[in-house]
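# Structural description and commentary
Spelled out, the chains give:
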Amino acid sequence: MARVERAGLTDLFAPDEQTISFAGGLPDPAVFPKAALQAAFASRAQTDSAFQYANSDGYAPLRAQLAKLMQADGVSVNASDLLITQGAQQGIDLTARLLLNPGDGVVVEGPTYLGALAAFDAYEPTYYEVPVEPDGMDLHALQKILLTHSVKVIYTVPDFQNPTGAVMSLAKRQALIRLAHQYDVVILEDAPYRLLRYEGDALPTLHSLDPDGRVVLLGSFSKILSPGLRIGWLTAAPRLLQALTALKGGADVESSALVMQSISTYLASADFPQHLAKLRNYYRTKRDAMLTALASLPPAIHYTRPTGGFFVYLTGPSWLDFSALQQTELAEAHVALVPSKNLYPSHAITNGARLTFAAPALADIAPGIARLNRALTQVLHEVPAVNK
Ligand SMILES: Cc1ncc(COP(=O)(O)O)c(C=O)c1O
C-alpha cells in the first residue's frame, strides 16, 4: 500500500472556539455569492440533465465560458482544451497518477502546498525540494537537480505561492520553460490564486510561455466562488489532456452535472468581473490589516509581503521550531498557524510558518497577531544564549 501518512488536510479546519486560526486557507464565507448561486442552483434543479450522467470532460458550455475567461487572461485555449475537475486538487492527483511511478523524481518548491504533497505521496515519488525566493523558485538549485537526477514533473504555484505568497518573475518563468524543455520535464502549474491580485499587473502563465505543450495548468473556483462547489479545471496539450480525461473517468466518472450547470448559469447571469473586483478589495483590506499587525513582531521574525493570494510566511531564527510551539506556547495563547515542517516533504525546516489572512474575521487579525507576538516575544526572550 502506498505511503499515506501525511497530516490530513482536515486537521487545518477545526480550531476550537477560543482560538484565532491563521491555519486553514479557507476563503471568507462573507464573500461567497450565495444569493446568486442559490438562484442558479434553483433554476438548474428544474431540469433532468442536471441530475443525469453526461461526459467525463465536463459540461461543455461551462468549458466554453472558462475558455473565454482564460483567453482574457492571455491563455490561448478553447473549450475542447479543458477538463473540469473536482477542484485543482484533483488536477494534481490526476497528473501525478498519469506521470509518476514509485521512485520517479518530482520537484516541489520548498515550502510548498501541503495538499500537493498529500496527493503526490500516494504515488511514492522521490522528492526534490527547490527553495522559493521572493521572485519564485531558485532556478540554480533546480538546474543542479535536473543535471544530476531524473525528474518527471516540476510542481509550482507561480502566482501568490502557497505558502509564501511569492510571484515568479517573468525572467524566471521564461527560464523555467527553457529548463523544462532542455531536460524534458512536465510542469504542473497550479494557479488557484491567480485572479486574486491586490496590486501590480499579471504576468503570463507558464502555460502561455510554453511552445511545446509540456505545461499542465490548473485553475479552481474554490477561492473565487466557493470551495464547497468542488469545481476546478485543467488545460494541457491534447496528448496529455486525453490521458487525463480517461483517468478522470476512472476516478469519479465526471464532476457533478448539477454543480457544473449551476456555475454556468451563475457566470452567464451574474457580474463575475464585478464579483472578482469585490473579492480583491475585500482580501486586500485583510492583507493590509495583517501586514500592519505583523510590523509589531520581534525583528528576528521575518515575513513576506504578498501582492495577492491568501498567505504570509514567517521565518524565524534557524533554531525556532514552530511545530513544537504550536503544541505549547501557541496553543496556550489560542492562536494557530501552519508550521513549516508540514510544508516540506523532507520535514527538515522547522523555523517557518504559514499564516492566512483570508479566513479569520478582519476584527480578529490584529488581536490574533498580538497573541502570536506575545508568545514569540517570550520564546525569543527565553532562548538559551547558545542559540542566540
Ligand atoms: C496551491 C493550491 N492548490 C490546490 C488547492 C486545492 O484547491 P481546490 O479546492 O480547487 O481543490 C489549494 C487549496 O488551498 C491550493 O492552495
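So, how was this worked out
- Residues numbered from 1 in each chain as written.
- Predicted model: local features only at pLDDT ≥ 70, side-chain atom pairs only at ≥ 80, totals over all residues.
- Heavy atoms only, no water.
- Core = buried A, V, L, I, M, F, W, Y, C linked by side-chain atoms within 4.5 Å.
- Buried < 20%, exposed > 50% of the residue type's maximum accessible area, 1.4 Å probe, protein only.
- Helix = DSSP H or I, 4+ residues; strand = E, 2+ residues; numbered from the N terminus.
- Domains from an automatic or database assignment.
- Contact = heavy atoms within 4.5 Å.
- Pairing = 2+ DSSP bridges.
- Axes fitted to C-alpha atoms, helices over the stretch in contact; angles between N-to-C directions.
- Near = heavy atom within 4 Å.
- Polar contact = N/O pair within 3.5 Å; in protein donor to acceptor, adjacent residues only side chain to side chain.
- Areas by Shrake-Rupley, 256 points an atom, 1.4 Å probe, with all protein chains shown as cover.
- UniProt positions renumbered as here; feature names shortened; annotations may be inferred.
- Buried area = accessible area lost by both parts, 1.4 Å probe.
- Salt bridge = Lys/Arg side-chain N within 4 Å of Asp/Glu carboxyl O.
- Nonpolar A, V, L, I, M, F, W, Y, C, P; charged D, E, K, R; others polar.

Moving on to the nonpolar core. Residues Phe221, Leu294, Leu314 and Ile369 are the most contacted members of the largest nonpolar core, which totals 63 residues. Ranked by residue count, the leading element in this core is helix α10 (residues 272-294), at eight residues. In terms of domain composition, this core takes at least three residues from each of domain 1 (9-32 + 273-387) and domain 2 (35-269). Non-local contacts of phenylalanine 221, meaning those with residues more than four positions away in its chain, are made with Leu62, Leu66, Ser226, Ile231, Gly232, Trp233, Ile263, Leu267 and Phe272. Ranked by size, the runner-up nonpolar core spans 27 residues in total, among them Val108, Ala119, Tyr155 and Leu241.

Before going further, it helps to examine the sheet that holds strand β13 (residues 338-339). Strand order in the open sheet formed by four strands is β10-β11-β14-β13, with antiparallel pairing between adjacent strands. In this open sheet, the two strands that pair with only one neighbour each are β10 (302-303) and β13. As judged from the five bridges shared by strand β11 (residues 311-315) and strand β14 (residues 352-356), these two strands associate in the antiparallel manner. The residue bridging phenylalanine 311 from the neighbouring strand is threonine 356, located in β14. The sheet strands contacting α10 are β10, β11 and β14, and the helix crosses β11 at an angle near 15°.

Time to look at the site of the ligand. Taken together, 14 residues lie around the ligand, and Ala88, Asp190, Tyr193, Ser220 and Ser222 are the ones closest in. Backbone polar atom of glutamine 89 to an oxygen atom of the ligand: 2.9 Å apart, as the coordinates give it. Here an oxygen atom of the ligand sits 2.6 Å away from a polar atom, N or O, in the side chain of serine 222. Burial of the ligand by the protein chains amounts to 92% of its free accessible area of 390 Å². At three residues, the largest contribution of residues to the shell around the ligand is made by helix α3 (residues 87-99).

This paragraph deals with the sheet that holds strand β8 (residues 215-220). With mixed pairing, eight strands are arranged side by side in an open sheet as β2-β9-β8-β7-β6-β3-β4-β5. The strands lining the two open edges of the sheet, one partner per strand, are β2 (82-85) and β5 (136-137). Sheet strands touched by helix α2 (residues 60-72): β2, β8 and β9 (232-235). Its angle to β2, the strand with the most contacts, is close to 110°.

Attention now moves to the environment of glycine 25. Positionally, glycine 25 belongs in the loop between β1 (20-21) and α1 (34-44). Separated by 332 residues in sequence, glycine 25 and phenylalanine 357 have C-alpha atoms that sit 8.4 Å apart.

When the UniProt feature table is mapped onto this chain numbering, "domain: Aminotransferase class I/classII large" (unreviewed entry) sits at residues 35-366. As annotated, residues 35-366 comprises 42% helix and 17% strand, and the C-alpha atoms at either end are separated by 30 Å.

The domain boundaries assigned to the protein delineate domain 1 (9-32 + 273-387) and domain 2 (35-269). Placing a centre on the C-alpha atoms of domain 1 and another on those of domain 2 gives a separation of 26 Å. On the side of domain 2, 30 residues touch domain 1, which itself brings 28 residues to the contact. Across the domain 1/domain 2 interface, buried area totals approximately 2,600 Å², and carbon plus sulfur atoms make up 65% of it. Between glutamate 199 and arginine 287 there is a salt bridge, with its nearest N and O atoms 3.0 Å apart. Along the contact surface separating domain 1 from domain 2 lie 13 residue pairs in polar contact (both at pLDDT 80 or more). Mapped by element, the contributors of at least two residues to the side of domain 1 that touches domain 2 are α10 and β11. Of all the elements, α10 adds the most residues to the side of domain 1 that touches domain 2, at seven residues. Residue composition of the side of domain 1 that touches domain 2, grouped by class: 16 nonpolar, eight polar and four charged.

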